[in-house]
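Summary of structural features
Next come the chains, spelled out residue by residue.
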Amino acid sequence: MSWKAIDALDDARDATASLLLPFDAGRWARLAIIALFVGSIGGGGTSFSNTGNTGVTAPGDTGTPPSDLPVDGLPGFATPENLALLAGGIVVAGIVLLLVWSFASAVMQFVFVDGVVSKDVRIRTPFRERLRLGARLFAFQVGILLAVVLVIGLPILAVVLGGIAVSGLMFLLAIPLVFLAILLFLVAGLIQQLTTDFVVPTMIAEDKHVLSSWRRVAPLFRAELSEFGLYVLIRFVLGILASIGVGIATALVLLVVAIPFAIVGGALFLALNAAGFGFFAPVSLGVFGVLGVLFVLTAIAVSALVQMPVVTFFRYYSLFLLGSADEELDLVSQFRTDDDSSAPEGATPA
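The name given to the chain in an unreviewed UniProt entry is Membrane domain of glycerophosphoryl diester phosphodiesterase, with the source organism recorded as Haloferax larsenii.

**Quick notes on the overall build of the chain**
When its secondary structure is counted, the chain shows nine helices and zero strands. Going from the N terminus to the C terminus, the chain shows its helices and strands as α-α-α-α-α-α-α-α-α. By the burial criterion, 32% of the 350 residues in the chain qualify as buried. Of all intrachain contacts in the chain linking residues separated by at least 6 positions in sequence, the fraction that spans at least 24 positions is 71%. Accessible area for the chain stands at about 20600 Å²; split by element, carbon and sulfur atoms hold 72% of it.

**Notes on the UniProt feature "transmembrane region" (unreviewed entry) in the chain**
Following the UniProt record, one finds the feature "transmembrane region" (unreviewed entry) at residues 28–48, 84–117, 138–164, 170–191, 228–246, 252–272 and 279–306. For residues 84–117, the end-to-end C-alpha separation is 50 Å, with 100% helix and 0% strand making up the annotated structure. Within residues 252–272, the helical portion is 100% and the strand portion 0%, while the C-alpha atoms at the span's ends are 30 Å from each other.

**A look at the packing of aromatic side chains**
For the structure shown, the criterion picks out 14 aromatic pairs. Taking the centre distance of 6.3 Å and the plane angle of 20° together, the rings of Phe-313 and Tyr-317 count as stacked. Of this pair, Phe-313 and Tyr-317 both sit in helix 9 (residues 282–325), four residues apart, which is roughly one turn of that helix. In this pair, the class of Phe-313 matches that of Tyr-317, namely buried. Seen from their ring centres, Tyr-316 and Phe-320 are 6.3 Å apart, and the 40° between their planes marks the pair as tilted. Of this pair, Tyr-316 and Phe-320 both sit in helix 9, four residues apart, which is roughly one turn of the helix. The exposure class of Tyr-316 is buried, given its relative accessible area of 0%. On the basis of relative accessible area, Phe-320 is assigned to the buried category, the value being 0%. Grouping aromatic residues by their ring pairs yields a cluster made of Phe-198, Trp-214, Phe-221, Phe-228, Tyr-231, Phe-313, Phe-314 and Tyr-317. The ring of Phe-314 carries Arg-235 above its face, with NZ or CZ at 4.0 Å from the centroid.

**Re a nonpolar patch on the surface**
Among the surface-exposed residues, Leu-233, Phe-236, Val-237, Ile-240, Leu-241, Ile-244, Ile-248, Leu-252 and Leu-255 lie close enough to one another that they form a single nonpolar patch of about 900 Å² accessible area. Position of Leu-241 among the secondary structure elements: in helix 8 (residues 225–274). A relative accessible area of 53% places Leu-241 in the exposed class.

**Topic: the packing of helix 2 (residues 25–38) against helix 9**
One can describe the packing of helix 2 onto helix 9 by two numbers: an axis separation of 8 Å at closest approach and a directional angle of 90°. By the angle between their directions, the pair helix 2 and helix 9 is classed as roughly perpendicular. Where helix 2 approaches helix 9, its residues Trp-28, Leu-31, Ala-32, Ala-35, Leu-36 and Val-38 are matched on the opposing element by Ile-300, Ala-304, Leu-305, Gln-307, Met-308 and Val-311. Considered class by class, the residues forming the contact of helix 2 with helix 9 number eleven nonpolar, one polar and no charged.

**Some words on helix 7 (residues 210–223)**
The end-to-end C-alpha distance of helix 7, which contains 14 residues, comes to 20 Å, matching closely the 20 Å that a straight helix rising 1.5 Å per residue would cover. Of all the residues in helix 7, the buried ones are Val-210, Ser-213, Trp-214, Arg-216, Val-217, Ala-218, Leu-220 and Phe-221.

Cut-offs used in this document
- Note that residues are indexed from 1 along each chain, following the sequence as it is written.
- Local features in a predicted model are, by the rule used here, given only for residues with pLDDT of at least 70; side-chain atom pairs are given and counted only at 80 or more, and totals for whole chains, interfaces and linings are based on all residues.
- With hydrogens and water set aside, each side-chain value is computed from the structure's full complement of heavy atoms.
- Secondary structure is summarised from DSSP: a helix means a run of H or I of at least four residues, a strand means a run of E of at least two, and numbering begins at the N terminus for each.
- Burial classification: accessible surface area is computed with a 1.4 Å probe over protein chains only, and a residue below 20% of its type maximum counts as buried, one above 50% as exposed, and the rest as partly exposed.
- Residue contacts follow a heavy-atom distance rule, with two residues in contact if any of their heavy atoms lie within 4.5 Å.
- Accessible surface is estimated by sampling points in the Shrake-Rupley manner with a 1.4 Å probe; for residues, cover comes only from the protein chains shown.
- UniProt positions are given in the numbering used here, feature names are shortened, and annotations may be inferred rather than shown by experiment.
- Only centres within 6.5 Å qualify two rings of Phe, Tyr or Trp (six-membered ring in Trp) as a pair; their planes then separate them into stacked at under 30 degrees, edge-to-face at over 60, and tilted for everything else.
- Over a ring means this: the NZ of a Lys or the CZ of an Arg is within 6 Å of the ring centre and within 35 degrees of the ring normal.
- Residues qualify for a patch when their relative accessible area is over 30% and they have no salt bridge, like charges being joined within 9 Å and the nonpolar side chains of Val, Leu, Ile, Met, Phe, Trp and Tyr within 5 Å.
- We define a salt bridge as a side-chain nitrogen of Lys or Arg found within 4 Å of a carboxyl oxygen belonging to Asp or Glu.
- The axes are straight lines fitted to the C-alpha atoms, using for helices just the contacting stretch, and the angles between their N-to-C directions are given from 0 to 180°.
- When describing relative orientation, an angle under 35 degrees is termed roughly parallel and one over 145 degrees roughly antiparallel, while 65 to 115 degrees is termed roughly perpendicular and anything else oblique.
- Any residue that is not Ala, Val, Leu, Ile, Met, Phe, Trp, Tyr, Cys, Pro, Asp, Glu, Lys or Arg is counted as polar, Gly included; the first ten are nonpolar and the last four charged.
- Expected helix span is given by 1.5 Å per residue-to-residue step, counting one fewer step than there are residues.

Rendered as C-alpha cells:
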C-alpha cells in the first residue's frame, strides 16, 4: 500500500532541489525574505521577569517609596506622567507593528505559493496582486485568535467584574480552565496550520474566500483522514527535528559571523578609550548601539537563509499532498515525474 503522505516527501525534496539549484543569489535572497515572514519552524517564547517588589526589604525599608522623593527633580522629560505616556506609546506602537507584520505574513503566504509553483520568485508584484486574499486570511486568523481569547477570557472577566472573592476553591476551579486553554490553543494551532498548508493554495486555485475554501477541502480531509492525519504527524515530527537542526546551524554560523563583530567592537573600544570616551559616554553608546543593530540584522538574515530551504520543503510537501488528494487543486503537477504513483488520476505528468 502506497501512502500519499509519504510519497509526497520525495516529491517535495526533488522540487525543493530544483528550485534552489543551481544557486541563484537573487532567488535565494527573495525566498529568505519570504521565509522570514511565513517560516513556521524554529522555537520562540515569552520570558517574564519580576522586576517589581521581590518581597525582600532592607532594614528599615517599608517596601514603599519614600514620601519625600523629589519627583519634580527628575531630569528633563523623565516625569511620571511623561514616562507613563512613553510606555503607553511603546505598547501601542508594538501592537501596531505586530498587526502590520501579521498582515504582511498573511499576504506572503500567497506570494510564497506563487513563487514555488511558478519558480519565478518575486515579492512586490505578487504582494500587490494577493492583497485581497491576504486580507481575508488575516481576518480569519484574527477571528480564530479572538474566539479562543473570548472563550478563555469571559470566565475570568466574569469573576473580576462579579466581585467574586478569590479563594483556594477558585484556584481549584481554575484548573479545568487551564486545560481548556491548552486544548483550545492546540486546536487553533492545528486549524491555522491546515489553513496555511491546504486552504491557502485552494484559495489561489479557485479564487475563493477562506470559509468557502475550507468547505472545499473539508470533504478531502474526511475522505483521506488517514493520509492527512499521517501528514500532521509527519509534519509535527519533522518540524521538531528541523527546528533543532536549524537552531544548531544558525548558532554555528552566528559564531563565525560574531568574530569580525567582536574584532571591530574591540578595536572601537580601544580607540574610544584612548580618545577619552568611556563605555557609557554618549558617543560610545551610539557607536556600539549601531554595531549591535548591525549584528542583530545580520543574525536575522542568517536565520532566514538557514531556515529557507526547510520552509520551502514543507511548502512543497503540503502542495504535493493536496494535489494527490484532488487533481483540481494540484498546483504542482508540472513537477511530478512519469512514474509518480502519488499523482492523482487524470493528472498530466511533466
